[in-house]
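# Fold and contact review
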Amino acid sequence: MRQQLNALFNSLSKPVDILPLVIFRVAFGLLMIFSTVRFMLNGWVHEFYVEPVYHFTYLGFAWVQPLPPLWMHGVFVGLAILSVLIAVGAFYRLSITTFFLLFTYVELIDKTYYLNHYYFISVMSLLMIVLPLHRKWAVDSWLSPHIKADYVPAWTLYAPRLMLGIVYFYAGLAKLTPDWLLGALPLRIWLPANATFPVIGKWFDYVWVAYAMSWAGALYDLSIGFLLSWRRTRPLAYSVVIGFHLMTTLLFNIGVFPWVMIACTLIFFDGRDWRWLAQAVKLHVSPMPDAPKKLSTSPLIAILIMCFFLWQLLMPLRHLAYPGNHLWTNEGYRFAWHVMLVEKNGTVIYRIEDPDSERFWVVFPDAYLTRQQEQQMSFQPDMILQFAHFLVDEYAVQCECQPEVYADTYVSFNRRAGQPIILPNTDLANEAYSWQPRSWIMPLHE
Amino acid sequence: MFSSYLSRIFVFSLLTLFISIQLAMPTQAQTSFDRVAMIEGIVTETVLPLHRTFAEEALTLETTAIAFEADTTEENLVALRQMYINTVIAFERTSPFHFQRLMPYVTQIERHPPNIEFVETYIASVEPDPIDLELAARFGSAQKGLPVLDYLLFADDALTRLTDSATRRQYVSILTTGIRQIADTLVDEWTLGADGYGDQFIAADDDPSSVRSAVSILSNEIIVVVEFVPRIWLGIPLGHRHGGEPQPELVEAPYSTTSVVRLIANLEAVQMTINGTGDSPSFADYLDFLGAEHNGEPMSEAINAQIDATIADLNTIEEPLAIAVVEDTDGVTAVFDTSLALLRLVKRDMAHELGITVTFNSNDGD
């Protein structure tokens with residue numbers, strides 16, 4: 001056992017070409033510039049973080065609130081500048097750390113806008129803080145030649161690969177459900193909506209196409225990490241990555257996610273691949289000097305990395321600790337690579353009652369929420385509860401009483417008949433927002 | 001070498017995929033649904049005729065108003081009031097097509113609440129002189145349109161006040177002309193080949209992943225129309241924003257007492273939009289094609305049944321709604337509940353089957 005552990009540590013410490021990491025850094029930085037500028041140009045800073053009067057904060061992060069409008073725009077300008085610095089490798093540690101903090105701050109403001117790829121960018125940028133991505137082809141290594149390196153410990157290359165592998169593999173595991181495999185859901189709903197898509201759109205009306213794409217998607221997610229890791233299958237696997245993500249970007253409104261994955265999976269190509277490519281296109285790349293026998297890593301970094309991956313391995317599985325179908329209850333749904341698994345629609349109407357009189361109020365959430373907030377909260381129990389608590393505070397002032405709040409909810413989920421998601425007659429004012437299983441969620445009626 | 005290897009593999013895999021799918025394609029006739037024909041049918045067979053009817057009613061309203069201005073009799077006022085109601089109903093039947101792009105026109109016709117104070121102050125300040133038409137052209141949307149006309153024609157002592165004031169009669173005529181002009185503009189916008197909104201709307205369906213996809217736009221507007229019935233036009237007068245204390249003055253048409261008939265017109269328009277009015281494939285056909293069901297029956301039938309039930313319930317309300325919300329609160333609340341069931345059906349179940357949530361967000365989604 002000790003010998004095997006030693007062998008593992010030795011293999012993680014062996015020197016590898018830094019080139020893939022440098023290319024990864026540049027690709028990541030460029031994509032973040034594109035993503036942040038696109039976000040600003042679409043007016044989303046104002047729409048998501050300035051306009052709403054209420055924000056659905058994450059449990060334990062209620063203190064994370066948007067800054068004043070000008071500052072909020074400043075945060076995004078800052079993110080764009082930091083992305084440039086990351087791409088060119090300037091003040092790298094400071095840039096990537098600040099990027100991680102600012103990006104994560106923005107994501108924590110409102111869970112309405114939770115997207116798997118935003119979470120991926122947060123965790124990847126956290127990981128990048130400890131990776132020596134500025135030791136070559138970087139302003140930092142140009143200004144401080146002593147940090148310049150051609151070799152880095154192998155774990156620095158394996159870590160982002162493992163992270164990507166986890167994303168894909170867990171996304172594949174999450175697809176192993178009766179809905180996905182036996183019902184071809186939700187693709188069976190989404191594909192016909194794209195039937196006017198040029199050339200191949202006509203096929204989307206066929207149910208078998210939805211099944212084929214569901215099974216192919218699951219197979220892709222489960223296997224692609226391994227196929228990219230094996231050098232012999234890597235070129236083919238990467239061409240599948242490009243084809244798969246181009247298809248999703250054309251069919252679905254998933255923004256930069258496909259481009260993030262296409263760019264980040266480049267990390268699977270090692271130094272030999274890049275040098276071969278450079279040779280093929282007649283680019284001059286200086287030959288590699290002799291490699292050192294072993295490169296050391298600080299024990300603290302090693303422990304941090306292990307903790308990071310332990311978290312990454314366990315976090316997506318936390319839904320197993322909750323009763324019921326997590327795709328219905330949403331317990332443990334986020335931060336778990338549950339990508340494109342559900343089509344849910346809902347309506348929520350609150351009834352607020354003054355227990356000491358016959359007074360009551362009926363509240364449609366969009367009186368306070370933006371369209372997107374209303375749409376997202378209408379089928380997510382934790383958000384329905386959060387907004388109920390907001391209404392308690394609002395109406396306690398208005399009615400000078402301790403109001404009771406009831407939610408009249410109906411949710412359609414992956415073609416099942418619409419059904420209440422919150423137990424009727426539950427006074428949500430009395431229900432705590434916590435990690436505990438939520439007994440006030442109606443079980444899914446199949 | 002490497003890039004050519006890559007590209008060969010990529011082309012080969014695409015070819016294999018293409019051939020496999022071709023081989024696997026069923027040999028029977030194509031069974032996909034012609035969405036473009038559906039959207040074109042909705043425009044040419046439903047939207048345009050409804051807008052033409054509205055324009056015709058608006059023209060008759062204008063003519064009747066001019067006649068009343070010249071010959072102010074009770075008989076002519078009765079005729080004018082009836083023409084107003086006909087126009088209102090025709091306008092309400094265009095409500096599922098009040099898309100965002102057309103809202104600048106629509107708000108010129110209907111903006112709640114009307115600014116009665118301005119109207120009275122303005123007429124008083126001008127009398128007995130005629131209204132300056134250039135100035136009238138700059139009236140804000142709350143100072144004109146159907147809600148102001150509702151007040152001028154149906155408020156207490158309307159006949160006396162109209163008889164006594166030529167300026168007031170002219171104000172009425174000016175408003176009817178404005179409504180007719182906008183009705184004509186809306187017809188132009190929906191006329192295909194005129195480079196108006198109708199052409200853009202049909203073209204929108206070519207971009208299936210876009211928020212502007214025609215199916216998405218239309219579904220969302222149907223949801224808005226249905227939602228307004230319980231939420232605004234029944235819920236607010238029932239006092240849902242006022243601790244359950246009825247607010248009779250907040251009904252849609254407090255003077256003409258046509259609140260209920262307007263809601264019925266809205267729902268009839270939704271029903272026409274879903275079922276279609278011609279030979280083209282309809283929205284209902286599309287839902288059937290998708291296999292959309294609700295409690296074991298086709299969703300198109302469930303929606304139709306729920307619209308029928310809501311209209312039937314609305315017909316049980318005795319106008320004026322302003323009195324009904326006070327004296328028959330339970331009855332109006334029952335209609336509220338029926339219309340809420342309809343809202344759930346279209347907002348949740350219909351949208352679900354159409355898969356429009358993936359095109360609903362302005363943000364990215366996964």
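Residues numbered from 1 in each chain as written. Chains lettered and ligands numbered in written order. Predicted model: local features only at pLDDT ≥ 70, side-chain atom pairs only at ≥ 80, totals over all residues. Heavy atoms only, no water.

### Thoughts on the overall build of chain B
Helix and strand content of chain B: 16 helices and 2 strands. Across the 366 residues that make up chain B, the buried fraction comes to 54%. Considering only contacts within chain B whose residues lie at least 6 apart along the sequence, 76% involve residues at least 24 apart. (Helix = DSSP H or I, 4+ residues; strand = E, 2+ residues; numbered from the N terminus. Buried < 20%, exposed > 50% of the residue type's maximum accessible area, 1.4 Å probe, protein only. Contact = heavy atoms within 4.5 Å.)

### Here we look at the overall build of chain A
Scanning chain A from N- to C-terminus turns up 18 helices and 5 strands. What you see for chain A is a C-alpha radius of gyration of 24 Å, in line with the 22 Å of a compact globule of 446 residues. Considered along the principal axes of its C-alpha atoms, chain A spans approximately 85 × 50 × 50 Å. Of all intrachain contacts in chain A linking residues separated by at least 6 positions in sequence, the fraction that spans at least 24 positions is 73%. Approximately 19400 Å² of chain A is accessible, and the part contributed by carbon and sulfur atoms is 67%. Taking the average place of the 30 positive charges on the side chains of chain A and the average place of its 30 negative ones, the gap between the two points comes to 21 Å. (Rg over C-alpha atoms; globule rule 2.2 N^0.38 Å. Areas by Shrake-Rupley, 256 points an atom, 1.4 Å probe, with all protein chains shown as cover. Lys, Arg positive; Asp, Glu negative; His and termini not counted. Charge placed at Lys NZ, Arg CZ, Asp CG, Glu CD.)

### A closer look at the nonpolar core
Membership of the largest hydrophobic core comes to 140 residues, with the highest contact counts inside it found for Phe28, Phe120, Met128, Met163, Trp337, Tyr350 and Phe387 of chain A. If one sorts the elements of this core by residue count, helix α8 (residues 154–174) of chain A sits on top with 12 residues. Ignoring any residue separated from it by four or fewer positions in sequence, one finds Phe28 of chain A in contact with Ile86, Ile96, Phe99, Ile121, Met124, Ser125, Met128 and Cys264 of chain A. By size, the runner-up hydrophobic cluster in this structure holds 113 residues, among which are Val362 of chain A together with Met83, Leu234 and Leu314 of chain B. (Core = buried A, V, L, I, M, F, W, Y, C linked by side-chain atoms within 4.5 Å.)

### A few points about the packing of aromatic side chains
Residue and element names in this part refer to chain A. Taken as a whole, this structure holds 56 aromatic pairs over all chains when the rule is applied. A ring pair is formed by Phe99 and Phe103, whose centres lie 5.6 Å apart and whose planes are at 20°; its orientation type is stacked. On the criterion of helical spacing, the pair formed by Phe99 and Phe103 is a turn pair, its members being 4 residues apart in helix α5 (residues 92–109). The interplanar angle of 65° and the centroid separation of 5.9 Å between the aromatic rings of Tyr368 and Phe387 together place this pair among those described as edge-to-face. (Phe/Tyr/Trp six-rings, centres within 6.5 Å; stacked < 30°, edge-to-face > 60°.)

### Points about unusual backbone geometry
Residue and element names in this part refer to chain B. The amide bond that connects His112 to the next residue, Pro113, takes the cis arrangement and shows omega of -10°. Residue Pro128 follows Glu127 across a cis peptide bond; omega there is 0°. Considering the arrangement of structural elements, one finds Pro128 in the loop between α5 (116–126) and α6 (133–136). Of note, the phi angle at Asp195 is positive, near 60°, even though the residue is not glycine. Within the secondary structure, Asp195 is located in the loop between α9 (166–190) and α10 (197–204). The phi torsion at Thr257 lies on the positive side, around 50°, for a residue other than glycine. By secondary structure assignment, the location of Thr257 is in the loop between α11 (214–234) and α12 (259–275). Residue Thr257 is classed as partly exposed on the basis of its relative accessible area, which comes to 32%.

### Here's the deal with a negative patch on the surface
Residue and element names in this part refer to chain B. A contiguous patch of negative charge, built from Asp285, Asp288, Glu297 and Glu301, is present on the exposed surface. The topology assignment puts Asp288 in helix α13 (residues 283–289). Accessibility expressed as a relative area gives 38% for Asp288, which makes it partly exposed. (Patch = residues over 30% accessible without salt bridge, like charges linked within 9 Å, V, L, I, M, F, W, Y side chains within 5 Å. Salt bridge = Lys/Arg side-chain N within 4 Å of Asp/Glu carboxyl O.)

### Some thoughts on the state of the cysteines
Residues and elements named next belong to chain A. Taken as a whole, this structure holds 1 disulfide over all chains when the rule is applied. The disulfide that involves Cys399 links it to Cys401, with 1.9 Å between the sulfurs. Its S-S torsion of approximately -80° makes the covalent link between Cys399 and Cys401 left-handed. For the residue pair Cys399 and Cys401, the accessibility class agrees, reading buried in each case. (Disulfide = S-S within 2.5 Å.)

### Side note on the sheet that holds strand β3 (residues 344–353) of chain A
The strand order β4-β3-β5 (chain A) describes an open sheet built from 3 strands, whose pairing is antiparallel. With one partner strand each, in any of the chains shown, β4 (360–363) and β5 (404–413) of chain A form the two edges of the open sheet. Averaged over neighbouring strand pairs, the angle between their axes works out to 15° when direction is ignored. Of the strand pairs in this sheet, β3 of chain A and β5 of chain A are connected by 10 bridges, and their pairing is antiparallel. Within the sheet, the bridge partner assigned to Tyr350 of chain A lies in β5 of chain A and is Ala407 of chain A. Taken strand by strand, helix α18 (residues 381–399) of chain A contacts β3, β4 and β5 of chain A, and its axis lies near 25° from that of β3 of chain A. Across the sheet, helix α16 (residues 329–354) of chain B is in contact with β3, β4 and β5 of chain A; its angle to β3 of chain A comes to roughly 150°. (Pairing = 2+ DSSP bridges. Axes fitted to C-alpha atoms, helices over the stretch in contact; angles between N-to-C directions.)

### Quick look at the side chain of Asp221 of chain A
All names here are of chain A. Along the polypeptide, Asp221 turns up in helix α11 (residues 207–229). In this structure the side chain of Asp221 is engaged in a polar contact, spanning 2.7 Å, whose partner is the side chain of Lys175. Sequence-distant contacts of Asp221, defined by excluding residues within four places in its chain, comprise Tyr168, Phe169, Ala171, Gly172 and Lys175. (Polar contact = N/O pair within 3.5 Å; in protein donor to acceptor, adjacent residues only side chain to side chain.)

### What to know about helix α14 (residues 299–315) of chain B
In an α-helix, one turn spans 3.6 residues; hence positions three or four apart end up facing the same way. Residue and element names in this part refer to chain B. Look at α14: 24 Å from first C-alpha to last across 17 residues, which is about the 24 Å you get at 1.5 Å a residue. Along α14, the residues classified as buried are Met299, Ser300, Ala302, Ile303, Asn304, Gln306, Ile307, Thr310, Ile311 and Leu314. Where α14 is buried, its residues contact α12, α13, β1 (293–294), β2 (297–298) and α16. (Expected span 1.5 Å × (residues − 1).)

### Some details on α5 of chain B
Residue and element names in this part refer to chain B. Listed in full, the buried residues belonging to α5 are Ile116, Val119, Glu120, Tyr122, Ile123 and Val126. Burial along α5 is one-sided: seen end-on, the buried residues are contained in an arc of 165°. Exposed and facing more than 90 degrees away from the buried side of α5 are Glu117, Thr121 and Ser125. Contacts from the buried residues of α5 go to α6, α7 (146–154), α8 (158–164) and α9. (Arc of directions from axis to C-beta.)

### Let's talk about the packing of α11 of chain B against α16 of chain B
Residues and elements named next belong to chain B. Running from amino to carboxyl end, α11 crosses α16 at an angle of 160°, the nearest separation of the two axes being 9 Å. The pairing of α11 with α16 is recorded here as roughly antiparallel in orientation. For the pair α11 and α16, the crossing hand works out as left-handed. Counting all contacts with α11, which are made through Val215, Ser219, Ile222, Ile223, Val226, Glu227, Val229, Pro230 and Leu234, the residues of α16 involved are Val332, Val335, Phe336, Ser339, Leu340, Leu342, Leu343, Val346, Lys347, Met350, Ala351 and Leu354. A breakdown of the residues in the contact of α11 with α16 according to their chemical character gives 17 nonpolar, 2 polar and 2 charged. (Parallel < 35°, antiparallel > 145°, perpendicular 65-115°, else oblique. Left-handed = near helix turned anticlockwise from the far one by under 90°. Nonpolar A, V, L, I, M, F, W, Y, C, P; charged D, E, K, R; others polar.)

### A few points about the pattern of salt bridges
All chains considered together, the criterion is met by 31 salt bridges over all chains. Between Arg334 of chain A and Asp382 of chain A there is a salt bridge, and its shortest N-O distance comes to 2.9 Å. Taken together, the positions of Arg334 of chain A in the loop between α16 (326–329) and β3 and Asp382 of chain A in helix α18 put the pair 48 residues apart, joining distant regions of the chain. Exposure class is identical for Arg334 of chain A and Asp382 of chain A. Each is buried. Across the salt bridge formed by Arg161 of chain B and Glu120 of chain B, the nearest N and O atoms sit 3.2 Å from each other. One end of the pair, Arg161 of chain B, is in helix α8; the other, Glu120 of chain B, is in helix α5, with 41 residues separating them in the sequence. Connected via shared salt-bridge partners are Arg231, Arg234, Asp270, Arg272 and Asp273 of chain A.

### A look at the pairing of β3 of chain A
Residues and elements named next belong to chain A. Burial within β3 is extensive, with 8 of its 10 residues counted as buried. Bridging between β3 and β4 involves 4 bridges; their strand directions are antiparallel. By the bridge assignment for β4, Glu353 is matched with Phe360. In this structure, the hairpin formed by β3 and β4 is closed by a connection of 6 residues.

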